[in-house]
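Architecture and fold: a report
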Amino acid sequence: MALTDDAIAKIRSMIQSGELPPGARLPPEPQLAAQMGLSRSGVREAVKVLESARVLDVRRGDGTYVTSLAPRLLLQGLGVAVELLRDDTLLEVMEVRRLLEPMATGLAALRMTDADLDELGQILEDMRAAADDAEKLIQFDTAFHHTVISTTGNETLTSLLDGLSGRTLRARVWRGLIEGNAAHKTIDEHHAIYLALRSRDQLLAQASALIHVNTSEAWLRTVLAAKTADG
(Lines give C-alpha, C1' and ligand atoms only; values in the text may rest on other atoms or scores of the structure.)
Protein backbone atom coordinates (compact mmCIF):
# COMPACT_ATOMS: atom_id res chain seq x y z
CA MET A 1 0.00 0.00 0.00
CA ALA A 2 2.86 2.39 0.81
CA LEU A 3 4.33 1.93 -2.67
CA THR A 4 0.92 2.43 -4.24
CA ASP A 5 0.37 5.60 -2.19
CA ASP A 6 3.77 6.90 -3.31
CA ALA A 7 2.91 6.22 -6.94
CA ILE A 8 -0.46 7.93 -6.59
CA ALA A 9 1.18 10.98 -5.01
CA LYS A 10 3.79 11.21 -7.76
CA ILE A 11 1.32 10.85 -10.62
CA ARG A 12 -0.95 13.41 -8.97
CA SER A 13 2.01 15.78 -8.60
CA MET A 14 2.82 15.40 -12.30
CA ILE A 15 -0.78 16.30 -13.13
CA GLN A 16 -0.90 19.26 -10.74
CA SER A 17 2.39 20.66 -12.06
CA GLY A 18 1.16 20.52 -15.64
CA GLU A 19 3.68 17.88 -16.67
CA LEU A 20 0.66 15.68 -17.42
CA PRO A 21 -2.16 18.07 -18.41
CA PRO A 22 -5.75 16.97 -19.15
CA GLY A 23 -5.77 14.69 -22.19
CA ALA A 24 -2.08 13.82 -21.91
CA ARG A 25 -0.94 10.24 -22.46
CA LEU A 26 1.09 8.69 -19.66
CA PRO A 27 4.40 7.05 -20.52
CA PRO A 28 4.30 3.25 -20.80
CA GLU A 29 4.26 1.50 -17.44
CA PRO A 30 7.97 0.40 -17.45
CA GLN A 31 9.11 3.91 -18.38
CA LEU A 32 6.82 5.58 -15.83
CA ALA A 33 7.97 3.21 -13.06
CA ALA A 34 11.62 3.88 -13.85
CA GLN A 35 10.99 7.62 -14.03
CA MET A 36 9.41 7.61 -10.58
CA GLY A 37 11.83 5.12 -9.07
CA LEU A 38 9.04 2.75 -8.10
CA SER A 39 8.05 -0.81 -8.91
CA ARG A 40 5.81 -1.56 -11.86
CA SER A 41 3.30 -3.25 -9.57
CA GLY A 42 3.01 -0.08 -7.46
CA VAL A 43 2.47 2.03 -10.56
CA ARG A 44 -0.07 -0.46 -11.91
CA GLU A 45 -2.11 -0.34 -8.70
CA ALA A 46 -1.88 3.45 -8.58
CA VAL A 47 -3.26 3.68 -12.12
CA LYS A 48 -6.20 1.44 -11.11
CA VAL A 49 -6.99 3.69 -8.14
CA LEU A 50 -6.76 6.87 -10.20
CA GLU A 51 -8.89 5.31 -12.92
CA SER A 52 -11.60 4.58 -10.34
CA ALA A 53 -11.36 8.21 -9.21
CA ARG A 54 -11.89 9.35 -12.83
CA VAL A 55 -8.45 10.98 -12.91
CA LEU A 56 -7.07 8.55 -15.49
CA ASP A 57 -8.71 6.84 -18.45
CA VAL A 58 -7.23 3.45 -19.33
CA ARG A 59 -7.86 2.67 -23.00
CA ARG A 60 -7.07 -0.96 -23.71
CA GLY A 61 -4.61 -1.30 -26.55
CA ASP A 62 -4.04 2.44 -26.71
CA GLY A 63 -2.63 3.67 -23.40
CA THR A 64 -3.52 5.57 -20.27
CA TYR A 65 -4.62 9.19 -20.46
CA VAL A 66 -5.39 11.98 -18.02
CA THR A 67 -9.11 12.69 -18.15
CA SER A 68 -10.57 16.16 -18.65
CA LEU A 69 -10.51 16.52 -14.82
CA ALA A 70 -13.93 18.13 -15.08
CA PRO A 71 -15.89 18.43 -11.80
CA ARG A 72 -18.65 16.16 -13.12
CA LEU A 73 -16.05 13.39 -13.41
CA LEU A 74 -14.02 13.96 -10.27
CA LEU A 75 -17.06 14.44 -8.04
CA GLN A 76 -18.96 11.38 -9.29
CA GLY A 77 -17.81 9.44 -6.27
CA LEU A 78 -19.64 11.81 -3.94
CA GLY A 79 -23.01 10.38 -4.91
CA VAL A 80 -21.80 6.83 -4.22
CA ALA A 81 -20.51 7.91 -0.80
CA VAL A 82 -23.80 9.61 0.10
CA GLU A 83 -25.72 6.44 -0.80
CA LEU A 84 -23.63 4.56 1.78
CA LEU A 85 -24.07 7.00 4.67
CA ARG A 86 -25.86 5.89 7.81
CA ASP A 87 -29.19 7.38 8.81
CA ASP A 88 -27.91 9.93 11.32
CA THR A 89 -25.34 11.22 8.85
CA LEU A 90 -28.01 11.80 6.19
CA LEU A 91 -29.28 14.68 8.32
CA GLU A 92 -25.85 16.26 8.01
CA VAL A 93 -26.18 15.94 4.24
CA MET A 94 -29.50 17.77 4.42
CA GLU A 95 -27.82 20.51 6.43
CA VAL A 96 -25.22 20.95 3.68
CA ARG A 97 -28.02 21.07 1.10
CA ARG A 98 -29.74 23.75 3.18
CA LEU A 99 -26.56 25.84 3.01
CA LEU A 100 -25.97 25.42 -0.73
CA GLU A 101 -29.24 24.84 -2.57
CA PRO A 102 -31.09 28.10 -1.76
CA MET A 103 -28.12 30.24 -2.82
CA ALA A 104 -27.73 28.21 -6.01
CA THR A 105 -31.44 28.58 -6.77
CA GLY A 106 -31.19 32.34 -6.27
CA LEU A 107 -28.28 32.44 -8.71
CA ALA A 108 -30.29 30.41 -11.21
CA ALA A 109 -33.05 33.06 -11.09
CA LEU A 110 -30.59 35.49 -12.68
CA ARG A 111 -29.25 33.09 -15.29
CA MET A 112 -32.10 30.88 -16.52
CA THR A 113 -33.20 31.34 -20.11
CA ASP A 114 -36.81 31.25 -21.24
CA ALA A 115 -36.12 27.81 -22.72
CA ASP A 116 -34.79 26.62 -19.35
CA LEU A 117 -37.95 27.88 -17.65
CA ASP A 118 -40.18 26.19 -20.21
CA GLU A 119 -38.34 22.90 -19.60
CA LEU A 120 -38.75 23.35 -15.87
CA GLY A 121 -42.46 24.06 -16.28
CA GLN A 122 -42.91 20.80 -18.19
CA ILE A 123 -41.12 18.85 -15.47
CA LEU A 124 -43.44 20.45 -12.92
CA GLU A 125 -46.48 19.33 -14.90
CA ASP A 126 -45.04 15.82 -15.05
CA MET A 127 -44.64 15.88 -11.26
CA ARG A 128 -48.28 16.84 -10.76
CA ALA A 129 -49.39 14.01 -13.05
CA ALA A 130 -47.31 11.53 -11.02
CA ALA A 131 -48.34 12.77 -7.57
CA ASP A 132 -49.04 9.28 -6.23
CA ASP A 133 -46.19 7.43 -7.92
CA ALA A 134 -43.04 7.52 -5.78
CA GLU A 135 -40.72 6.21 -8.52
CA LYS A 136 -41.82 8.81 -11.06
CA LEU A 137 -41.75 11.58 -8.46
CA ILE A 138 -38.14 10.73 -7.62
CA GLN A 139 -37.28 10.87 -11.32
CA PHE A 140 -38.99 14.23 -11.92
CA ASP A 141 -37.76 15.71 -8.64
CA THR A 142 -34.18 14.86 -9.62
CA ALA A 143 -34.71 16.40 -13.07
CA PHE A 144 -36.30 19.54 -11.59
CA HIS A 145 -33.46 20.34 -9.22
CA HIS A 146 -30.73 19.37 -11.68
CA THR A 147 -32.26 21.65 -14.30
CA VAL A 148 -32.36 24.56 -11.86
CA ILE A 149 -28.82 24.16 -10.53
CA SER A 150 -27.22 23.41 -13.89
CA THR A 151 -28.43 26.75 -15.26
CA THR A 152 -26.06 28.51 -12.85
CA GLY A 153 -23.30 27.46 -15.23
CA ASN A 154 -21.25 26.33 -12.24
CA GLU A 155 -20.30 22.72 -12.94
CA THR A 156 -18.70 22.21 -9.53
CA LEU A 157 -21.82 23.40 -7.71
CA THR A 158 -24.04 21.25 -9.93
CA SER A 159 -21.91 18.16 -9.36
CA LEU A 160 -21.84 18.73 -5.59
CA LEU A 161 -25.60 19.13 -5.27
CA ASP A 162 -26.30 16.21 -7.61
CA GLY A 163 -24.09 14.07 -5.41
CA LEU A 164 -25.68 15.29 -2.19
CA SER A 165 -29.17 14.53 -3.46
CA GLY A 166 -28.85 10.85 -4.22
CA ARG A 167 -31.67 8.51 -5.15
CA THR A 168 -31.83 6.79 -1.74
CA LEU A 169 -32.20 10.09 0.08
CA ARG A 170 -34.90 11.32 -2.30
CA ALA A 171 -36.72 7.98 -2.10
CA ARG A 172 -36.93 8.12 1.68
CA VAL A 173 -38.30 11.66 1.62
CA TRP A 174 -40.84 11.07 -1.16
CA ARG A 175 -42.13 7.81 0.29
CA GLY A 176 -42.60 9.59 3.61
CA LEU A 177 -44.46 12.41 1.87
CA ILE A 178 -46.78 10.04 0.02
CA GLU A 179 -47.51 7.98 3.12
CA GLY A 180 -48.22 11.21 5.01
CA ASN A 181 -50.47 12.53 2.22
CA ALA A 182 -48.15 15.53 1.87
CA ALA A 183 -46.85 14.99 -1.68
CA HIS A 184 -49.11 17.69 -3.12
CA LYS A 185 -47.80 20.23 -0.62
CA THR A 186 -44.23 19.53 -1.68
CA ILE A 187 -45.15 19.74 -5.35
CA ASP A 188 -46.67 23.14 -4.54
CA GLU A 189 -43.29 24.12 -3.08
CA HIS A 190 -41.69 23.21 -6.40
CA HIS A 191 -44.30 25.40 -8.07
CA ALA A 192 -43.36 28.30 -5.77
CA ILE A 193 -39.70 27.86 -6.75
CA TYR A 194 -40.71 27.84 -10.41
CA LEU A 195 -42.76 31.05 -10.07
CA ALA A 196 -39.90 32.80 -8.29
CA LEU A 197 -37.51 31.75 -11.04
CA ARG A 198 -39.96 32.81 -13.72
CA SER A 199 -40.19 36.25 -12.12
CA ARG A 200 -36.36 36.48 -11.96
CA ASP A 201 -36.64 37.27 -8.25
CA GLN A 202 -33.38 36.12 -6.68
CA LEU A 203 -34.37 36.59 -3.04
CA LEU A 204 -37.75 34.96 -3.49
CA ALA A 205 -36.12 32.02 -5.27
CA GLN A 206 -33.69 31.61 -2.37
CA ALA A 207 -36.50 31.75 0.19
CA SER A 208 -38.69 29.29 -1.75
CA ALA A 209 -35.82 26.82 -2.07
CA LEU A 210 -35.02 27.14 1.64
CA ILE A 211 -38.62 26.35 2.59
CA HIS A 212 -38.52 23.31 0.32
CA VAL A 213 -35.25 21.95 1.73
CA ASN A 214 -36.55 22.50 5.27
CA THR A 215 -39.69 20.51 4.42
CA SER A 216 -37.61 17.68 2.98
CA GLU A 217 -35.40 17.65 6.05
CA ALA A 218 -38.42 17.57 8.37
CA TRP A 219 -39.89 14.59 6.52
CA LEU A 220 -36.54 12.79 6.55
CA ARG A 221 -36.42 13.25 10.32
CA THR A 222 -39.94 11.80 10.55
CA VAL A 223 -39.02 8.79 8.42
CA LEU A 224 -35.83 8.11 10.40
CA ALA A 225 -37.64 8.51 13.72
CA ALA A 226 -40.30 6.01 12.63
CA LYS A 227 -37.58 3.58 11.55
CA THR A 228 -35.89 3.90 14.94
CA ALA A 229 -39.19 3.30 16.74
CA ASP A 230 -39.87 0.21 14.64
CA GLY A 231 -36.34 -1.04 15.08
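Residues numbered from 1 in each chain as written. Predicted model: local features only at pLDDT ≥ 70, side-chain atom pairs only at ≥ 80, totals over all residues. Heavy atoms only, no water.

Under an unreviewed UniProt entry, the name given to the chain is GntR family transcriptional regulator, and the source organism is Micromonospora qiuiae.

Thoughts on the packing of aromatic side chains
Summed over all chains, the structure comprises zero aromatic pairs. Lying across the ring of Tyr 65, Arg 59 places its NZ or CZ 3.9 Å from the centre. (Phe/Tyr/Trp six-rings, centres within 6.5 Å; stacked < 30°, edge-to-face > 60°. Lys NZ or Arg CZ within 6 Å of the ring centre and 35° of its normal.)

A look at the nonpolar core
By size, the foremost hydrophobic cluster in this structure holds 41 residues, and its most contacted members are Phe 144, Trp 174 and Leu 197. Elements with a contribution of two residues or more to this core: α6 (87-111), α7 (114-129), α8 (134-150), α9 (155-164), α10 (167-179), α11 (183-198) and α12 (202-230). Setting aside its immediate chain neighbours within four residues, Phe 144 contacts Leu 120, Ile 123, Leu 124, Met 127, His 190, Ile 193 and Tyr 194. Of all hydrophobic cores here, the second largest spans 20 residues; its members include Ile 8, Ile 15, Leu 20 and Ala 33. (Core = buried A, V, L, I, M, F, W, Y, C linked by side-chain atoms within 4.5 Å. Buried < 20%, exposed > 50% of the residue type's maximum accessible area, 1.4 Å probe, protein only. Helix = DSSP H or I, 4+ residues; strand = E, 2+ residues; numbered from the N terminus. Contact = heavy atoms within 4.5 Å.)

Some remarks on empty space enclosed by the protein
Under the criterion given, the structure shown has three cavities of 30 Å³ or more. Approximately 70 Å³ is the volume attributed to the largest cavity. Around the largest cavity sit Arg 97, Asp 141, Leu 169, Arg 170, Val 173, Trp 174, Leu 177, Thr 186, His 190, His 212 and Ser 216, which together line it. Elements with a contribution of two residues or more to the lining of the largest cavity: α10, α11 and α12. The dominant element in the lining of the largest cavity, judged by the number of residues it contributes, is α10, at five residues. Here the lining of the largest cavity is composed, by residue class, of four nonpolar, four polar and three charged. If you go around the second largest cavity, the residues you meet are Glu 101, His 145, His 146, Ile 149, Leu 161, Asp 162, Ser 165 and Arg 170. Mapped onto the lining of the second largest cavity, the elements with two or more residues apiece are α8 and α9. (1 Å grid on protein atoms, 1.4 Å probe; cavity = no way out; pocket = protein on both sides within 12 Å on 5 of 7 lines; lining within 4 Å. Points joined across faces, edges and corners; volume = space filled by probe spheres on them. Nonpolar A, V, L, I, M, F, W, Y, C, P; charged D, E, K, R; others polar.)

Some points on the packing of α6 against α9
In the contact formed by α6 and α9, the axes pass within 10 Å of each other and the chain directions differ by 140 degrees. When the axes of α6 and α9 are compared, the crossing they make is left-handed. Contacts between α6 and α9 pair Val 93, Val 96, Arg 97, Leu 100, Glu 101 and Ala 104 from the former with Leu 157, Leu 161 and Leu 164 from the latter. (Axes fitted to C-alpha atoms, helices over the stretch in contact; angles between N-to-C directions. Left-handed = near helix turned anticlockwise from the far one by under 90°.)

Let's talk about the layout of surface pockets
What the largest pocket holds in volume is close to 360 Å³. Along the wall of the largest pocket there are 18 residues; nearest its centre are Glu 29, Val 47, Val 58, Gly 63 and Thr 64. Elements with a contribution of two residues or more to the lining of the largest pocket: α2 (29-36), α3 (40-52), β1 (56-59) and β2 (63-66). With five residues, the single largest contributor to the lining of the largest pocket is α3.

Focus on α9
Those residues of α9 that fall on the buried side of the exposure criterion are Leu 157, Thr 158, Ser 159, Leu 161, Gly 163 and Leu 164. Sitting at the amino-terminal end of α9 is Asn 154, which places a side-chain oxygen 3.2 Å from the backbone nitrogen of Thr 156. (Polar contact = N/O pair within 3.5 Å; in protein donor to acceptor, adjacent residues only side chain to side chain.)

Considering the domain arrangement of the chain
What the domain assignment reports for the chain is domain 1 (2-69) and domain 2 (74-230). Computed over C-alpha atoms, the centres of domain 1 and domain 2 are 37 Å apart. (Domains from an automatic or database assignment.)

Remarks on the packing of α8 against α9
Running from N to C, α8 and α9 point in directions that differ by 160 degrees, and their axes come no closer than 9 Å. Considered as vectors, α8 and α9 are oriented roughly antiparallel to each other. Note that α8 runs across α9; the crossing there is right-handed. Counted together, His 146, Ile 149 and Ser 150 of α8 and Leu 157, Thr 158, Leu 161 and Asp 162 of α9 form the full contact between these two elements. (Parallel < 35°, antiparallel > 145°, perpendicular 65-115°, else oblique.)

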